[in-house]
Amino acid sequence: MSFGDFIYNNLVQFWQLTGFANAEFGNFVMLAVGLFFIWLAIKKNFEPMLLVPIGFGILIGNIPFNAAAGLEIGIYEEGSVLNILYNGVAAGWYPPLIFLGIGAMTDFSALIANPKLMLIGAAAQFGIFGAYMVALAIGFTPDQAGAIAIIGGADGPTAIFLSSKLAPNLMGAIAVSAYSYMALVPVIQPPLMRLFTTKKERLIKMKPARAVSQNEKIIFPIVGMLLTCFVVPSGIPLLGMLFFGNLLRECGVTTRLAKTASNALTDIVTILLGMTVGASTQASQFLTPQTIFIFFLGFMAFVIASSSGVLFVKLFNLILPKEKKINPLIGNAGVSAVPMSARISNNLGLEYDPSNYLLMHAMGPNVAGVIGSAVAAGVLLGFLA
Amino acid sequence: MKKIISTIALALMLAAAPAVSAQSRDALRINEVMVVNENSLVDEYGNPGAWIELFNSNFAPLEISKVFITNDPANPTLYPIPLGDVNTKVPKRQHVVFFTDGEPNKGTFHTNFTLIPGQDNWIGIYDADGKTLIDEVTVPASLLHGQSWARTADGNGEWAVRTGGDHDYITPSSANVIRDTNSKIQMFADRDENGFGMTLMAMCIVFSALLLLCLSFYAIGKIGGAISRMNKWRSHGVTREEARETAIADHDSGEEIAAIAMALYEHLNAHDAENTVLTINKVKRAYSPWSSKIYGLREVPNHTHAK
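Sequence order sets the numbering: in each chain, residues are counted from 1 along the sequence as written. For naming, the first written chain is A and the first written ligand is 1, with later ones following in the order written. Only residues with pLDDT of 70 or above have their local features reported here, since the model is predicted, and side-chain atom pairs are shown and tallied only from 80 upward, although totals for entire chains, interfaces and linings are computed over all residues. Heavy atoms throughout the structure, all of them, feed into the side-chain values; hydrogens and water do not.

### Here we look at the overall build of chain A
Then step 1. Looking only at helices and strands, chain A has 21 helices and 0 strands in total.
Then step 2. With the principal axes as the frame, chain A shows a C-alpha extent of 95 × 45 × 40 Å.
Then step 3. Within the span of chain A, comprising 385 residues, buried residues form 57% of the whole.
Then step 4. Residues count as neighbours in contact if any of their non-hydrogen atoms are within 4.5 Å of one another. Residue pairs at least 24 apart in sequence account for 76% of intrachain contacts in chain A once pairs closer than 6 positions are excluded.
Then step 5. In chain A, 20 positive and 16 negative side-chain charges are present, and the distance between their average locations comes to 20 Å. We count a stretch as a helix when DSSP gives it H or I for four or more residues in a row; a strand needs E for two or more, and each element gets its number in order from the N terminus. Buried, partly exposed and exposed residues are distinguished by accessible area as a fraction of the type maximum, computed with a 1.4 Å probe on protein chains only: under 20%, between the cut-offs, and over 50%, respectively. Neither His nor the chain termini are counted; the positive set is Lys and Arg, and the negative set is Asp and Glu. A charged residue contributes its charge at one atom only: NZ of Lys, CZ of Arg, CG of Asp or CD of Glu.

This is how it looks when you write it as structure tokens:
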């Protein structure tokens, strides 16, 4: 072999390893999706903390490469760095860590002061099971239907946790769908809230919540964990970490731990979770007809969840005395997109009455939604795993 | 007193430690036995022989070295499973087979005793102390050539004869029950085609869990409120009856608390007039030899003056 042949052969071999030689149409579609997510996050400020890592992860995961070369670079290739980072998603240990952070940064006072708001969080979980029925009708198997339906809980970590257990092959689509719709909560929910409420109902002013003592705040995570986990032990990873994080926050003697859990740890896990979920959407795995169905079902689940929360409040008002009526605009907050959906309740309330601040009231069902979706995930896991 | 309690607690924890360790080996089970094997499983030398299958019923790997296998109740430590073999770590819910050929020099998985066809064979496994029986089984003498004596389900269930037929598999080193579908999912697919049953059950559970939490916190709120009221009465130096008569407010309203908090804030953070406070903070730089001035300066030689 001449020196020229040697150079030529190696350059040809190198060309075959480049993204240009291995690119397929699907890669470009997914790269466009990734860029769209980044644009949404930066330009439109839609959930930037989630969409920037996911969007960039999609770019990382869709760089074409020669998988047959065995270079251990793909997220699905055992031993690759991305695969090691992806273990937190695949084995389901990132979501409980995120829940630890959520617990450490959530103030459950609104819920403790007015415990009946917990029931709104339970009612909104109907979105999950409504979507489950639709998914079965479309032709998904019960385990796949359960994994897809959890999108209706509007809780990304829960969706990832459950899909990693019930339908790992659909996890990428489910996670991206869940986070996309969470980012679109300000677009999806207000029309539904207007549709299902009358002007008179939107003007209902709720009594300010009572002050909650420190002791109650400390008892809440302990009793909450014991009760919910005794009912649904399969929810222990999520509920246990959620309430543990909250105890760190409220007990007053672990401030450093609570700060770490709610700041540094959550940020680190969010970065890794978002990036690896994004990278898991390799075109070959992601661009399938199933993904379109999953996005459709996710949308259905969000619509049903938001509507059922609002309708449940209207129903609940029928049995409540006049001075204790609940403004149905906080019903949408039963989905656990914290705190976006509570903020939407507040904004819509202010739109109709500039003195009607609903934020603190809406935070009750909002955090109940977090607990409710984790319980629902535990139920699905218990029945279908 | 506190020291005594702490010491007792520590002692109890230490005493519990070996129990916890033993508990995991406790989950080791004799799962299937074949006494006469002429054309079934062969060992690594290509020889068929009688075998005992053990099953780790834990949901975690289990190290089984130090455990004893025996066919003699009078000699519980007959065959100690050797130390130092990586294969004695049995993965979760997995199986390991020992050939009972009486030739332990062939390797870890060859016992130093044999099973005798045509008579009842008692087999026991003992924990590392050689005294604690973990599991035992008596294989009936009626077992024929090529048949195994197996549990109906891995790790538990009744024992039954396996003949090797279509629905009666002999399964050394694998599960005694071969499932080709997930029975739970299959059940939901068959019995709950439209998902209504799942929805009904799951929503009931979700509502029950949150209702339970809701009721608990009503109760806790009431009890907490009562305790606060009592503390308040006590601080005012009045009894419950007097408090009712003098109508001391049960609790301060949110507005009152906000007004007090605002007043305290104003009092503690009083400034003359300015809205903005300029502060000059000392900027701390972390020390690094790369940025140290000492290393950037030439040292001045020491002059020593001769006297």
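### A few points about the environment of Asp43 of chain B
Residue and element names in this part refer to chain B.
Then step 1. With respect to the helices, strands and loops of the structure, Asp43 is situated in the loop between β1 (28–34) and β2 (51–56).
Then step 2. In the structure, Asp43 is positioned 67 residues away from His110 in sequence and 9.0 Å away in space, judged by C-alpha atoms.
Then step 3. The residues contacting Asp43, other than those within four sequence positions of it, are Phe99, Asp101, Lys106 and His110.
Then step 4. Whenever two N or O atoms come within 3.5 Å, that pair is a polar contact, provided that in protein one can donate a hydrogen and the other can accept it, and provided that, for residues adjacent in sequence, both atoms are side-chain atoms. A polar atom in the side chain of Asp43 sits 2.9 Å from the backbone nitrogen of Asn47.

### Let's talk about the sheet that holds strand β4 (residues 68–70) of chain B
Residue and element names in this part refer to chain B.
Then step 1. In spatial order, the strands read β5-β4-β8-β9; together these 4 strands make up an open sheet with antiparallel pairing. Bordering the open sheet on either side are β5 (79–80) and β9 (133–139), each of which pairs with just one other strand.
Then step 2. Here, strands pair whenever DSSP counts at least two bridges between them. Sheet topology places β4 next to strand β8 (residues 121–126); 3 bridges connect them, and they run antiparallel. Its bridge partner being in β8, Thr70 is matched across the sheet by Gly124.

### Quick notes on the pattern of salt bridges
Residues and elements named next belong to chain B.
Then step 1. Only one rule defines a salt bridge in this text: a Lys or Arg side-chain nitrogen within 4 Å of an Asp or Glu carboxyl oxygen. Going through the model one piece at a time under the given rule, you end up with 9 salt bridges over all chains.
Then step 2. Put simply, Lys106 and Asp43 hold a salt bridge, and the shortest N to O gap is 3.9 Å. Taken as a pair, Lys106 in the loop between β7 (95–99) and β8 and Asp43 in the loop between β1 and β2 lie far apart in primary sequence, 63 residues in all.
Then step 3. By relative accessible area, which is 7% here, Asp43 ends up buried.
Then step 4. Where salt bridges share partners, they join Asp43, Glu103 and Lys106 into one cluster.

### Observations concerning the nonpolar core
Inside soluble globular proteins, nonpolar side chains tend to come together where they are buried.
Residues and elements named next belong to chain A.
Then step 1. Within this scheme, the nonpolar core is defined by two criteria: the residues are buried Ala, Val, Leu, Ile, Met, Phe, Trp, Tyr or Cys, and they are joined through side-chain atoms within 4.5 Å. Of all hydrophobic cores here, the largest spans 126 residues; its most connected members are Leu111, Phe220, Ile326 and Ile371.
Then step 2. Looking at this core element by element, the count peaks at 14 residues for helix α21 (residues 359–384).
Then step 3. Those residues in contact with Ile326 that sit more than four places away from it in its chain are Lys116, Leu117, Ile120, Ile204, Met206, Val313, Phe316, Asn317 and Leu320.

### A few points about empty space enclosed by the protein
Residues and elements named next belong to chain B.
Then step 1. As defined here, a cavity is a set of points on a 1 Å grid over the protein atoms alone where a 1.4 Å probe fits but cannot get out. A pocket is an open set with protein on both sides within 12 Å along at least five of seven lines, and residues line them when an atom is within 4 Å of a point. Grid points are joined across faces, edges and corners, and a volume is the space filled by probe spheres set on the points. Applying the stated criterion across every chain yields a total of 1 cavity of 30 Å³ or more.
Then step 2. The calculated volume of the largest cavity comes to roughly 30 Å³.
Then step 3. Around the largest cavity, the lining residues are Val35, Ile116, Pro117, Gly118, Gln119, Asn121, Pro140, Ala141 and Leu143.
Then step 4. Residues are sorted three ways: Asp, Glu, Lys and Arg are charged, Ala, Val, Leu, Ile, Met, Phe, Trp, Tyr, Cys and Pro are nonpolar, and all the rest, Gly among them, are polar. Of the residues contributing to the lining of the largest cavity, the split by class is 6 nonpolar, 3 polar and no charged.

### Considerations on a nonpolar patch on the surface
Then step 1. Note that patches include only residues with greater than 30% relative accessible area and no salt bridge, and the join distances are 9 Å for like charges and 5 Å for nonpolar side chains (Val, Leu, Ile, Met, Phe, Trp, Tyr). Per-residue and other accessible areas were derived by the Shrake-Rupley procedure at a 1.4 Å probe size, with only the shown protein chains allowed to occlude residues. Residues Met1, Phe3, Phe6, Ile7 and Leu11 of chain A make up a contiguous nonpolar surface patch of about 600 Å² in total accessible area.
Then step 2. In this structure Leu11 of chain A comes out as exposed when scored by relative accessible area, which is 54%.

### Remarks on the interface of chain B and chain A
Then step 1. Counting from both sides, the interface comprises 30 residues of chain B and, opposite them, 40 residues of chain A.
Then step 2. Carbon and sulfur atoms make up 84% of the surface buried where chain B meets chain A, a total of about 3,000 Å² over both sides.
Then step 3. Contact with chain A buries surface across chain B, with Leu210, Leu213 and Phe217 of chain B losing the most and accounting together for 21% of the total.
Then step 4. Inspection of the region where chain B meets chain A yields 0 salt bridges.
Then step 5. Scanning the region where chain B abuts chain A turns up 2 residue pairs in polar contact (both at pLDDT 80 or more).
Then step 6. Among the elements that line the side of chain B that touches chain A, the one with the most residues is helix α3 (residues 196–236) of chain B, at 20 residues.
Then step 7. For the side of chain B that touches chain A, the class distribution of residues is 21 nonpolar, 6 polar and 3 charged. As a working definition, buried area equals the accessible area (1.4 Å probe) given up by two parts on being put together, with both sides summed.

The values are spatial; any link to function lies outside them.
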